[in-house]
Number of protein chains: 2
Amino acid sequence: LQRSGRKKDERHKDMEIVVIGAGGWGTAIAKLLAKRHEVNLWVRNRSLASEIEKKRENRKYLPGIKLPSNLEVFTDLERINQGEVLLMAVPSFAMREVACRISKILSSRKAIVNLAKGIEQKSFKTMSEVLREELGVDEIFTLSGPSHAEEVGRNFPTTVVIAGQNIKLGKRLQAALTTDRFRVYLNTDIKGVEYAGALKNVIALATGISDGLGYGDNARGALISRGLAEIVRLGMALGGRKETFFGLAGLGDLVATCTSTLSRNRLVGFHLGGGKKLKDILAEMDMVAEGIYTVKAAYDLARRLKIDVPITKAVYEILYREADPLDKLKELMARKLKMEEV
Amino acid sequence: LQRSGRKKDERHKDMEIVVIGAGGWGTAIAKLLAKRHEVNLWVRNRSLASEIEKKRENRKYLPGIKLPSNLEVFTDLERINQGEVLLMAVPSFAMREVACRISKILSSRKAIVNLAKGIEQKSFKTMSEVLREELGVDEIFTLSGPSHAEEVGRNFPTTVVIAGQNIKLGKRLQAALTTDRFRVYLNTDIKGVEYAGALKNVIALATGISDGLGYGDNARGALISRGLAEIVRLGMALGGRKETFFGLAGLGDLVATCTSTLSRNRLVGFHLGGGKKLKDILAEMDMVAEGIYTVKAAYDLARRLKIDVPITKAVYEILYREADPLDKLKELMARKLKMEEV
């Protein structure tokens, strides 16, 4: 494979970056960073890998976006040792398995950055916790915020947050991952960033349901602000900082997701609101809607921690108890009149 | 005029309510409350008043929505003394003048509720401060939150907040204004609620500009969350409570406005982003976009209080200094890399 056409950026010297996972987000960020760095993209599926290599396009997960010639594709996991930075872009349900495979190969110290937004089923662990356990590396970072892959792939302006406890390394990563169309903020509250990214998908399902019922901007605005209040209550009980939930990884991503035609979580909600059954919706979908799993975890966690999450509860009952969306939304509107509390 | 067809609501006995101003919002809330109460709507313009009375529709400001037969329309301001509750639904630039006229007529104690979202030019006073001064009444309330008139008029589910310092009277108003499609929360931070409602229009202009430039959900999500951080900084310096800005009157209304096809502020921004000049946009508009005035006040206040408001500054320069929208958005993306702070 050739390494041609790569332009150097003034702000930061080249790094060797490995992206694990060629879904939409992994592919988009690999494309973005190939402008400045040597980027290698690990593709699990061999036929997808050779298609991406030949066509310079990931037609399955990021169709219509040309990938640069210097972006290298590989399938043999052994090659990850070439990189200094490892971006983990696999769905949350596959994170532990892939991390376990990587742990057996990893031979040198690397900066590890999680890109997934989800909570592990049953254990309720965040992705950085899963990675820390499997890789035995203390310094895990999570990159999150409003960042639809389709837009990053098209070079639309995007602003995200990178979170981790090692500020020095965090600043290096912040500088390395920034481009003129991709602005990275630094945050030390990794727990908050991870719970924010996961829990927002539950509220995206709720606003999708509202839209599917034919409700309008007023209802969506209310669900987003009351939904964020639920995220704050639950996320703080889980160890996140309040401010984080009001930042890019919380509010920013919540808004982008709840108002987007690109969000799979919102789309699932939309079909539910329109009267479809969950299993029929899922049968027609090719990709993962993380919120479907997160709502279960969020509901269980809230019950255990005795936290009031009426919107999450309504979404849970619509998804898993076949409750009627209209009845549930009416119930939310008819609750006892209250003082406004965040 | 007849009072027929009025249904009584179980939750609260009828009140006599007077709505001042027959713009979109005044008309919509008059229609909503006429379900439960005796409602009289003051219309400044006589020909509009007689048209509304005859056609049972406000074709100018709330077209396509049938008004109930028990909603009474009047033009003689003297009649306001019939009501126990006065809802002030005039644009902020006209509030002082109308309040001054009312002050000369008012003969009995009433609950006064402001519905406008703006800051007075030059004085930078909130609408409740203007009303307090003009009417000599201490207990002013403000109703705010994500509440597009077109949706309330169509009976779409809507959730708002009523703010004032007298909790007992606040609770009575909360109960009186609630219907099964209009849920009212109570909040004591009237300053916060008013600054939130006014300042969100500045960010709506910003997201409109971004949309007009062809940017996407990621940019909008970033502008909303970084924009809310500006609202919080400035609003707290002006005496509002942080939580209020993250509630319905702040975040909720911000989201509804920034993602709506119904928002005039967003629309002005959209045309600016598309390359039109402000004066040409305004020449084509029939109604008020409050944000155009608010951005001036916000910019001046932030300078005086030495508060960093990069998005507000960019909007101000695009509107009043003929700055290029694309340059300004690029500048926002290229600022020094930072820690995320709300």
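Residues numbered from 1 in each chain as written. Chains lettered and ligands numbered in written order. Predicted model: local features only at pLDDT ≥ 70, side-chain atom pairs only at ≥ 80, totals over all residues. Heavy atoms only, no water.

**Here's the deal with the interface of chain A and chain B**
Short version of the rule: Contacts are assigned to residue pairs with any non-hydrogen atoms lying within 4.5 Å of each other. Note on terms: buried area is the combined drop in 1.4 Å-probe accessible area of two parts once they are placed together, counting the loss on both. In what follows, salt bridge is the name for a side-chain nitrogen of Lys or Arg lying within 4 Å of a carboxyl oxygen of Asp or Glu.
Taken residue by residue, the interface counts 59 residues in chain A and 58 residues in chain B. Around 5,000 Å² of area is buried between chain A and chain B when both sides are counted, 59% of it from carbon and sulfur atoms. Broken down residue by residue, the surface that chain A buries against chain B is led by A:Asn218, A:Met333 and A:Glu340, which jointly contribute 17%. Where chain A meets chain B, there are 2 salt bridges.

**Considering the environment of B:Lys338**
Condition: By definition, any uninterrupted DSSP run of H or I lasting at least four residues is a helix, any uninterrupted run of E lasting at least two residues is a strand, and each is numbered from the N terminus. Each residue gets one of three labels from its accessible area relative to the maximum for its type: buried under 20%, exposed over 50%, partly exposed in between, using a 1.4 Å probe on protein chains only.
With respect to the helices, strands and loops of the structure, B:Lys338 is situated in the segment after α15 (325-333). Assessed through its relative accessible area of 31%, B:Lys338 is described here as partly exposed. In this view, B:Lys338 contacts A:Gln174, A:Arg183, A:Val184, A:Tyr185, A:Leu186 and B:Asp308; residues no more than four positions away in its chain are not counted.

**A closer look at helix α8 (residues 217-237) of chain A**
Applied cut-off: Here the expected length of a helix is defined as 1.5 Å per residue gap, with one fewer gap than residues.
Taking 1.5 Å as the rise per residue, α8(A) with 21 residues should run 30 Å; its terminal C-alpha atoms sit 30 Å apart, in good agreement. Looking one or two residues beyond α8(A), the residue adopting positive phi is A:Gly239, at roughly 110°.

**Examining helix α7 (residues 190-212) of chain B**
Residues and elements named next belong to chain B. A rise of 1.5 Å per residue sets the reference length of α7, with its 23 residues, at 33 Å; its end C-alpha atoms lie 33 Å apart and thus fit the reference within 8%. Among the 23 residues of α7, 21 are classified as buried, and the element is accordingly described as predominantly covered. Gly214 sits one or two residues past α7 and shows a positive phi near 90°.

**What to know about the relation of the copies chain A and chain B**
Just so we agree on the cut-off: We place the copies in one frame by least squares, fitting the C-alpha atoms of every residue whose pLDDT is at least 70 in both.
Of the two same-sequence chains, chain A is brought onto chain B (RMSD 0.0 Å, axial shift 0.0 Å) by a rotation of 180°. This pairing of chains is accounted for by a two-fold axis. By residue overlap, the copies meet face to face through one surface: 98% of the interface positions of chain A are interface positions in chain B.

**A short note on the sheet that holds strand β5 (residues 111-114) of chain A**
All names here are of chain A. Selection rule: Paired strands, as defined in this entry, are two strands with at least two bridges between them according to DSSP. What counts as an axis is a line fitted to C-alpha atoms, over the stretch in contact for a helix, and the angles between N-to-C directions run from 0 to 180 degrees.
Read across the sheet, 8 strands follow the order β3-β2-β1-β4-β5-β6-β7-β8 without closing on themselves; strand pairing throughout is mixed. Each edge of the sheet is formed by a strand with only one pairing partner; in this case those strands are β3 (72-74) and β8 (182-187). The average undirected angle you get between the axes of adjacent strands in this sheet is 25°. Here strand β1 (residues 16-20) pairs with strand β2 (residues 38-42) via 5 bridges, running parallel. Within the sheet, the bridge partner assigned to Glu16 lies in β2 and is Glu38. Sheet strands touched by helix α3 (residues 92-103): β1, β2, β4 (85-88) and β5. Its angle to β4, the strand with the most contacts, is close to 155°.

**Describing the sheet that holds strand β3 (residues 72-74) of chain B**
Backbone-to-backbone hydrogen bonds join strands into a sheet, with any given pair of strands oriented parallel or antiparallel. Residues and elements named next belong to chain B. Across the sheet, which stays open at both edges, the 8 strands sit in the order β3-β2-β1-β4-β5-β6-β7-β8 with mixed pairing between neighbours. The two strands at the open ends of the sheet, each matched to only one other strand, are β3 and β8 (182-187). Each strand of the sheet is rotated relative to its neighbour by a mean of 25°, with strand direction disregarded. Each of β1 (16-20), β2 (38-42), β4 (85-88), β6 (140-144) and β8 touches helix α1 (residues 24-33); the most contacted strand, β2, lies at about 165° to it.

**Considerations on the packing of aromatic side chains**
Residues and elements named next belong to chain A. Here is the rule we go by: Under the pairing criterion, centres of Phe, Tyr and Trp rings, with the six-membered ring standing for Trp, must be within 6.5 Å; the plane angle then separates stacked pairs below 30 degrees from edge-to-face pairs above 60, leaving the rest tilted.
Taken as a whole and assessed by the stated rule, the structure comprises 5 aromatic pairs over all chains. For the pair Tyr316 and Tyr320, a centre-to-centre distance of 5.5 Å together with 40° between the ring planes defines the contact as tilted. In this pair, Tyr316 and Tyr320 both sit in helix α14 (residues 310-320), 4 residues apart, roughly one turn of the helix. For Tyr316, a relative accessible area of 9% gives the class buried. Aromatic ring contacts, followed pair by pair, group Tyr299, Tyr316 and Tyr320 into a single cluster.

**Looking at the confidence of the model for chain A**
Residue and element names in this part refer to chain A. This is how it is decided: In predicted models, pLDDT denotes the confidence assigned by the predictor to each residue on a 0 to 100 scale.
Scored by pLDDT, chain A comes out at a mean of 91, with 95% of its residues at no less than 70. Per-element averaging of pLDDT across chain A places helix α15 (residues 325-333) at the bottom with 88 and strand β6 (residues 140-144) at the top with 98. Within the model, pLDDT remains below 50 along residues 1-11, and this stretch shows 22 contacts once partners closer than five positions in the same chain are excluded. Across the assembled chains, the prediction reports ipTM 0.88 with pTM 0.88.

**Regarding the pattern of salt bridges**
Once the charged atoms of two side chains with opposite charge are near each other, the side chains can pair. Residue and element names in this part refer to chain A. All told, the structure shown has 42 salt bridges over all chains when counted by the stated rule. Among the ionic pairs, Glu72 bridges to Arg79, the shortest N-O distance being 3.3 Å. Its relative accessible area of 27% is what places Arg79 among the partly exposed residues. Glu134 serves as the salt-bridge partner of Arg96, at 2.8 Å between the closest nitrogen and oxygen. Residue Arg96 is located in helix α3, and its partner Glu134 is located in helix α4 (residues 127-135); the two are separated by 38 residues in the primary sequence. Through salt bridges with shared partners, a single network forms among Arg96, Glu120, Lys125, Glu133 and Glu134.

**Details of the pairing of β8(A)**
Residues and elements named next belong to chain A. Here is the rule we go by: A crossover gets the label right-handed when its path from the first strand over the helix to the second runs clockwise, viewed with the strands pointing away from the viewer.
Most of β8 sits out of view: 6 of its 6 residues are buried. Neither face of β8 is open: one carries Phe182, Val184 and Leu186, the other Arg183, Tyr185 and Asn187, and all of them are buried. Where strand β7 (residues 158-163) meets β8, 6 bridges bridge the pair, whose relative direction is parallel. The partner of Thr159 across the bridge, within β8, is Arg183. With respect to chirality, the unit in which β7 leads through helix α6 (residues 167-177) into the neighbouring parallel β8 is right-handed.

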